[in-house]
Amino acid sequence: MTALAELLVNGLASGAVYALVALGFVIVHRSTEVINFAHPSLLLAGGYLVAVLHDDIGFWPALGAGVAGAAALGALVEFVVLRRLRSGSHGTLSIVTIGVDIVLTVEIARRIGAEVLPLGDPWGDRVVQVGGVTIAQARIAALGVAVAAITVFLLAFKYTSWGVAMRAAAEDRATAALMGVRLGRVSAGAWAVAGALAALAALFLCVFPTPGLDRATSFAALKALPAAVIGGVDSTTGALAGGLLIGVTEALAVGYQDEAALLRGGFADIAPYLLMIVVLLIRPTGLFGTRELARA
Amino acid sequence: MRTVRIGIAAAVVACLAAGCSGKATGGGGESGGVKTGPGVTKDTITVSALTDLTGPYAALGKGVTQAQKLYFDQLNAAGGVCGRKVELLVRDHGYDVQKAVAAYSEIAPRSAALPQVIGSPITNALRSRLESDKLLTIPQAWAHTLLGSRYIQLTGTTYDIDMVNAVAFLVKEKGLKAGDRIGHIHLEGDYGQSALAGSRFAAEKSGLKLVEQQVKATDADMTAQAAAFRKAGVKAILVSVSPKQAASLAGVTAAMGLKVPFAASNSAFAQQLLATPVAPVLEREYYVMTAATPFSADVPGVKKLAGDYQKAFPGQPLDSSVFSGYTTAAIVGEALKKACAAKDLTREGIVTAHRSAKAFDIGLGGAPQDYSQWTRPASRAGYIVKPDKAALGGTRVHQEPAESDLAKSYNPPAG
Amino acid sequence: MPDSIPPSGRRDPGPAGAGTLADPAAPAGVASPPPGGDGARPASRAGRGGWARAAAGLAAAAAVCAVPFYAEAFWLQAGLFAMAAAIGAIGLNLLTGVAGQLSMGHAFFLAVGAYTYVWLAAEPERAAGHTLHGLGWPPPLAAAVAVAAAGIAGGLFSPIAGRLRGASLGIATLALVFLGQHVLFRAEAVTGGVNGRAVPPMEILGLRLADSPEPPVVLGVPFGGLEMLWFPGAALLALAAWFARGVVYGRPGRALTTIRDHEIAAGAMGVPVARYRAGVFVVSSVYAGLAGVLLALVFQRAVPEYFGLALALDYLAMIVIGGLGSVGGAAAGAVFVSLLPQLLTRYGDAIPFVAQPGEEGLSPSEAARVLYGAAFVAVLLYLPRGLRGLLPRCAAPASRARAVRAGDAGDPPR
Amino acid sequence: MSGEVPRLEVRDVTVRFAGVTALDGVGFTVEPGSLHAVIGPNGAGKSTCFNVLSGLCRPASGSVRLGGTELVGLPPHRIAALGVARTFQNIALSPHLTAAGNLMLARHRLTRAGFLACGLRLPSARREERRHAARVREIAEFTGVAAHLATPAGLLPYGVRKRLELARALCLEPAVLLLDEPVAGMNGGERREMARTIQRVRAGLGVSVLLVEHDMDLVARLADEVTVLDFGRRIAGGTPEEIQRHPDVVRAYLGTEAPA
């Protein structure tokens, strides 16, 4: 029982981190209908900034810089690349983000080199015991921060003028533009928020029990892509649900790999993708999606 | 249709015209009384390295390559071989087999030997071509499945031997006894499989129960594996994964309150881990089985190497990759010298010269190596070292090279 | 303008109307009609243009055939890699460029082709500690079945390939790469696991297309495996390109283009959209399978690691850089992307921004990736027709971007 | 010819989108060979009605029958295969294909060549292509777009593209032609010419035409029968003359001013 509880808590914590990343995909998709394949590189950039800065300026300022830097990078990509292609189809725009990802990832991965960069977080390897269940402090922090960030985002989405503009743009871009919504600002804002969330996620992907940031960290973002699709790529609730679902699935698959031969040998890594394929076969819009992502 | 017919006619004409092609049909010859083969001209001998400077083993590749450069620079400064300079041609494959194969096609025709090939999938992919090209090759990989080729030389101990010695060490020094459980976390692929072959053998011989956990190269979080070991109640853990994964495992087990000794393959530790939060755990109970002499060891040759390397590459980490690079380059250097003495610098001549070494020792510590057999590891004795922040190179000797009785009775099946 | 047209039979226009009108093909001044033209392209090319084309084709064929007699192994191997890549890229371009369906899973179908061939053609063996299965079929048969197997794999994915569109399909196909690699690493008895396994050489009519200790000498040049593979490789590429042009310019090409541009209009005009999406996915998988077999033969080794996300992205880069929707562009992009890293490696010491091994800075392979990643973005931003757009205008299918410039009117009603 | 054209019957069609009722029990009949117009103010549900007929939108209830065949529930391409062709209010041509390519697309259901036949350039595929190209040219001449056949559709002027849409629908050899605002955005001369073309289509091919249009002049000139929609409901039906006198129509659609 304790083992199960531990698995669930750990699964939820990493699920919350996936949800942060998935939310980034959803925000960009809602406001621009683009699937942002450059998201992994934003995540890597945010994590890298924290890793190189924390020694000099301390962890919290470094985290702030990482979040701001990734947000700025996101907005920059939107401004320099996507805005020039505004008239292109969403498909073309999604494809161009793949090119952006290749360039950014190669450069950041080169800077990281073969190193494993610690992020200097304050939690270290400390753990908390709750009724026999051992949980790392970093996991609790991940869960807390992710929930807080998502709440703040949802509130902003609902009540700020930016959120209103974004929802309007998501409903109907042409009408929103006629109503005075500045689509450029909405989409740059969406990219910036996505970048910020990615940087936060990067932090929690690199803290205990992972020794630090390395060039493979961006693969985690690719695991959050199924999370976004499972939830429905236009649904913020879906991102949360999809992220948690994937985190828990992964944790259970790893936890019970000794009980079932099928789960052995890295099954957990592909579980998100299998889950996604199943969901797409049954419900192409995702669990909470409304917009026709796919058409029968 | 007509176009097709004309095309075929044109092709035939072109093929005939090509008869005047000057495409070379391969090297070979003799100069100054020395028989020469591909890669050897009258003033240079070219040897090549297929390394990883941009992929997952970039740290290893960089250290090995720089150390090999150092060796050949020293060799050339001392007059080279047979009045020729030895030139090291380096190609980076980023651990991508296709790139490695392409690079091999480029460099093989102008190389006399390959003192460095990183990656056992790459060595396996090139194996038949290495054999038909007769190139003396030294892979930076120690899976026993690479044994069995006259042209491929593994240095020191193989992963399976290391794990046999590790189990012997745990039984002797950490009090493991028959009936105890012992964990082994290993990567999929050659490295992990080879290590597993050793641990399975040794566990059975010692009456231990082996708890196996296989992980993928991309796995980063070892929580589940640690939990499985805790559940099984293991008394010690054998580690054959990447350094980053090893760090995660050490951190998690410590956090879980599972205090057991670790005995690791030489590829499961990197000096950089001592900068991460798990350093104290590693310094406490982590033992690395390696054939490479640690730089903190009291061996004059190694001390000189450390000094030379730091002078040539200031600020670069001194770790086992440097040792390994230097010694592998030296193996090729010695083979070239012997081949020169035998007046045969053909590829076959170089291999023959190399295979005549029965107790290779260039004063860099460790046990003498026997290169005359290619179906058995060159040595069965390795150091046991412990991570230590204060030590030069990040490790210090815990036990001098010794061949355990268990290892003596073990015969790795050649691949 | 006639006042009325004869009502046509509802099923078939019948022979009555046929042939009574002049060839409606391109008016004077356009050397060759754009794609999807009315199909009845000038049947006779006996004019000056026709001879010029024939002569150009002749020269090209002669040049291609002469290569193995002059080029060293490195260049032959690079050229063969480029040929295999071009075949795969042409297939992907049918899917992504013509039909607008993004696939990030092309590497998976390459793997299906490569491994099916290896498994069918290899004899059972023991290597690196594993027992490897093999059926020992004649290699040509194994290759044909392997290509078909890739098509079948594409067909099995059709419930998804037919229902998802554009970038959504991209995400779903991403799953294929990860799932595929997982299986390849695990199915050691067939794939050899991490180490991969040796690829049995092709044998045509008793001739082994492989290196041998006593290579046959053709016109004074010893013919090894690469020299011999060069000819079937070039022939397969020519065939693949010819077939793809037929598809693009014909009825399926028109249907796919319209599905990409106006999915709803395509349906309303009688095109079964899902079936065509699934169909083009299968066709592109067949191309990938063929590319996989050829690649394996050149490689002489099939390794699971290789068939990963990076490879899938390489293929996308090829078609984007070459020009979405164009057959020749895909081939050009494939040559660019597959040769660039090798050229930068070989001539890196002469190129200022490329660092030598062991130095700080961009290594050749990193430089290649940055360069083609940047080319990828730049092409979409500034050169909408890809490399193809740099050539003088010939029968290049128009790319999406030209329509953007032409100010396409609005989305179809929902 | 008109004997072959089946009757199109729309019965009690109701469509709801997220709480909004776009069509509420709408019904009307298009007699074989007649020209039937659907009019109404913006948002009255005219386009939704078209989308139901061409299978793009599935009604909550109701039926659409073409002769003896139920259209509701069929996918768009099956409806097209039954001989229902449509144009779009916002031009929905493929901008990259030539005009001729766009027209040939509409021959899709009448042709057979698949990937293999076209890829291998089988004689059957080439013959088929030639035959249909001839017919396409006839239709292009008939609709006045023959001069533009080799030009990519995206490069053509607006008026020509509108005519091309009509030509494309005709290339389907339809029994029922659905025209969604065929003269929207055109100037006076272009409108008159389009009206003439529509009349000739009807006369020459004997197809039924269902027309959605704002231009009352055009409707009065062309239509045999008119259905008026307002807020998703059918508020009137009859000949153009009857409609123009209908008090509800005058109030809801025409405002207080009677049309000139």
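Rules used in this analysis
- Residues numbered from 1 in each chain as written.
- Chains lettered and ligands numbered in written order.
- Predicted model: local features only at pLDDT ≥ 70, side-chain atom pairs only at ≥ 80, totals over all residues.
- Heavy atoms only, no water.
- Axes fitted to C-alpha atoms, helices over the stretch in contact; angles between N-to-C directions.
- Helix = DSSP H or I, 4+ residues; strand = E, 2+ residues; numbered from the N terminus.
- Left-handed = near helix turned anticlockwise from the far one by under 90°.
- Contact = heavy atoms within 4.5 Å.
- Nonpolar A, V, L, I, M, F, W, Y, C, P; charged D, E, K, R; others polar.
- Buried area = accessible area lost by both parts, 1.4 Å probe.
- Salt bridge = Lys/Arg side-chain N within 4 Å of Asp/Glu carboxyl O.
- Polar contact = N/O pair within 3.5 Å; in protein donor to acceptor, adjacent residues only side chain to side chain.
- Pairing = 2+ DSSP bridges.
- Parallel < 35°, antiparallel > 145°, perpendicular 65-115°, else oblique.
- Core = buried A, V, L, I, M, F, W, Y, C linked by side-chain atoms within 4.5 Å.
- Buried < 20%, exposed > 50% of the residue type's maximum accessible area, 1.4 Å probe, protein only.
- Domains from an automatic or database assignment.
- Phe/Tyr/Trp six-rings, centres within 6.5 Å; stacked < 30°, edge-to-face > 60°.
- Lys NZ or Arg CZ within 6 Å of the ring centre and 35° of its normal.
- Patch = residues over 30% accessible without salt bridge, like charges linked within 9 Å, V, L, I, M, F, W, Y side chains within 5 Å.
- Areas by Shrake-Rupley, 256 points an atom, 1.4 Å probe, with all protein chains shown as cover.
- Expected span 1.5 Å × (residues − 1).
- Bend = angle between axes of the 7 residues up to and from the residue.

- The name given to chain D in an unreviewed UniProt entry is ABC transporter ATP-binding protein, with Bailinhaonella thermotolerans as the source organism.

### Remarks on the packing of helix 14 (residues 327–346) of chain C against helix 15 (residues 364–382) of chain C
All names here are of chain C.
Consideration 1: Following both chains from N to C, one finds helix 14 and helix 15 inclined at 145 degrees, their axes separated by 8 Å at the closest point. Pair helix 14 / helix 15 crosses with right-handed handedness. Here Phe336, Val337, Leu340, Pro341, Leu344 and Thr345 of helix 14 come into contact with helix 15, specifically with Pro364, Ala367, Ala368, Leu371, Tyr372 and Ala375.
Consideration 2: In terms of residue class, the contact of helix 14 with helix 15 is built from eleven nonpolar, one polar and no charged.

### Remarks on the interface of chain A and chain C
Consideration 1: If you look at the interface, chain A gives 41 residues, while chain C gives 40 residues.
Consideration 2: Summing both sides of the interface, chain A and chain C together bury roughly 3,800 Å²; the carbon and sulfur share of this comes to 76%.
Consideration 3: Here chain A and chain C share zero salt bridges between them.
Consideration 4: Counting across the chain A and chain C interface gives one residue pair in polar contact (both at pLDDT 80 or more).
Consideration 5: Among the secondary structure elements, those contributing two or more residues to the side of chain A that touches chain C are helix 3 (59–82), helix 4 (90–112), helix 9 (219–231) and helix 11 (267–282) of chain A.
Consideration 6: Residue composition of the side of chain A that touches chain C, grouped by class: 28 nonpolar, eight polar and five charged.

### Here's the deal with unusual backbone geometry
Consideration 1: At Cys82(B), a position not held by glycine, the phi torsion is positive, near 55 degrees.
Consideration 2: Tracing the backbone shows Cys82(B) in the loop between helix 2 (58–77) and strand 4 (85–92).

### Section: the side chain of Ser105(B)
Consideration 1: One can find Ser105(B) in helix 3 (residues 97–107).
Consideration 2: Side chain to side chain, Ser105(B) and Gln77(C) meet in a polar contact 2.6 Å long.
Consideration 3: Here Ser105(B) is in contact with Arg129(B), Phe74(C) and Gln77(C), once residues within four sequence places are set aside.

### A few points about the environment of Ala38(A)
All names here are of chain A.
Consideration 1: Its location among the elements puts Ala38 in the loop between helix 1 (2–32) and helix 2 (39–57).
Consideration 2: Taking the C-alpha atoms as reference points, Ala38 and Ala221, 183 residues apart in sequence, are found 9.7 Å from one another.
Consideration 3: Those residues within four positions of Ala38 in sequence are excluded, and the remaining contacts are Thr97, Val100 and Asp101.

### Quick word on the pairing of strand 4 (residues 61–66) of chain D
All names here are of chain D.
Consideration 1: Examined bridge by bridge, strand 1 (residues 8–17) and strand 4 share five bridges and lie antiparallel to one another. The residue of strand 4 that forms the bridge with Glu9 is Arg65.
Consideration 2: Pairing of strand 4 with strand 5 (residues 69–70), which is carried by two bridges, proceeds in the antiparallel orientation. Looking at strand 5, one finds that Arg65 is bridged to Glu70.

### Overview of the packing of helix 6 (residues 158–171) of chain D against helix 7 (residues 188–205) of chain D
Residue and element names in this part refer to chain D.
Consideration 1: Two elements in contact, helix 6 and helix 7, have axes whose closest approach is 11 Å; the angle formed by their N-to-C orientations is 10 degrees. On the basis of the axis angle, helix 6 is roughly parallel to helix 7. Residue-level inspection shows Gly159, Lys162, Arg163, Leu166 and Leu170 of helix 6 in contact with helix 7, the latter providing Glu190, Glu193, Met194, Thr197, Val201 and Leu205.
Consideration 2: Across the contact of helix 6 with helix 7, the residue classes break down as five nonpolar, two polar and four charged.

### Considerations on the nonpolar core
In globular proteins that are soluble, nonpolar side chains generally tend to be buried together.
Consideration 1: Counting residues in hydrophobic clusters, the biggest one holds 405 residues, and the most contacted among them are Ile237(B), Val239(B), Tyr286(B), Tyr117(C) and Leu177(D).
Consideration 2: Examining the composition of this core, we find that 16 residues originate from one element, helix 12 (residues 273–299) of chain C, more than from any other.
Consideration 3: When residues are assigned to domains, this core turns out to be shared by domain 1 (29–157 + 296–379) and domain 2 (159–290 + 383–408) of chain B, each giving three or more.
Consideration 4: Of all hydrophobic cores here, the second largest spans 29 residues; its members include Val5(D), Val26(D), Val38(D) and Cys57(D).

### Considerations on the packing of aromatic side chains
Consideration 1: Overall, the coordinates contain 29 aromatic pairs over all chains when judged by the stated rule.
Consideration 2: Residues Phe59(A) and Trp123(A) carry aromatic rings whose centres are separated by 6.1 Å and whose planes lie at 75 degrees to one another, so their mutual orientation is edge-to-face. Of this pair, Phe59(A) sits in helix 3 while Trp123(A) sits in the loop between helix 4 and strand 1 (127–130), and the two are 64 residues apart along the sequence. Both residues of the pair, Phe59(A) and Trp123(A), count as buried.
Consideration 3: In textbook terms, an aromatic cluster arises when at least three aromatic residues are bridged by ring pairs, as seen for Phe81(C), Tyr115(C), Phe299(C), Tyr306(C) and Phe307(C).
Consideration 4: Across the ring face of Phe88(D), the terminal group of Arg86(D) is positioned such that the distance to the ring centre comes to 4.2 Å.
Consideration 5: Arg200(D) extends its terminal NZ or CZ atom over the ring of Phe142(D), reaching a point 4.7 Å from the ring centre.

### So, the sheet that holds strand 4 of chain B
Where strands meet in a sheet, backbone hydrogen bonds hold them as pairs that are either parallel or antiparallel.
Residues and elements named next belong to chain B.
Consideration 1: Spatial ordering of the open sheet is given by 4-3-5-6, a layout of four strands whose pairing is parallel. Each of the sheet's edge strands pairs with one partner strand only, and the pair in question is strand 4 and strand 6 (136–140). Averaged over all pairs of adjacent strands, the angle between strand axes in this sheet comes to 20 degrees, irrespective of strand direction.
Consideration 2: Here eight bridges tie strand 3 (residues 44–51) to strand 4, and the two strands are oriented parallel to one another.

### Observations regarding a nonpolar patch on the surface
Consideration 1: Where nonpolar side chains cluster on the molecular surface, the patch consists of Trp119(C), Leu135(C), Trp137(C), Leu141(C) and Val145(C) and spans about 400 Å² of accessible area.
Consideration 2: Position of Leu135(C) among the secondary structure elements: in the loop between strand 2 (130–132) and helix 5 (139–156).

### Things to note about helix 4 (residues 120–133) of chain B
Residue and element names in this part refer to chain B.
Consideration 1: End to end, helix 4 covers 19 Å across 14 residues, agreeing with the expected 20 Å (1.5 Å per residue, within 8%).
Consideration 2: Along helix 4, the sharpest change in direction is near 50 degrees and occurs at Arg127.
Consideration 3: Where burial is concerned, most of helix 4 is hidden: ten out of the 14 residues are buried.
Consideration 4: Residues Ser120, Pro121, Ile122, Thr123, Asn124, Ala125, Leu126, Arg127, Arg129 and Leu130 constitute the buried set of helix 4.

### Comments concerning the sheet that holds strand 7 (residues 176–180) of chain D
Residue and element names in this part refer to chain D.
Consideration 1: The six strands are arranged 6-7-8-3-9-10 in an open sheet whose pairing can be described as mixed. Each edge of the open sheet carries a strand with a single partner, namely strand 6 (84–86) and strand 10 (233–238). Neighbouring strand axes in the sheet, compared pairwise and without regard to direction, differ in orientation by 20 degrees on average.
Consideration 2: Bridge analysis of strand 6 against strand 7 gives three bridges, and the strand direction is parallel. If you follow Arg86 over to strand 7, its bridge partner there is Leu178.

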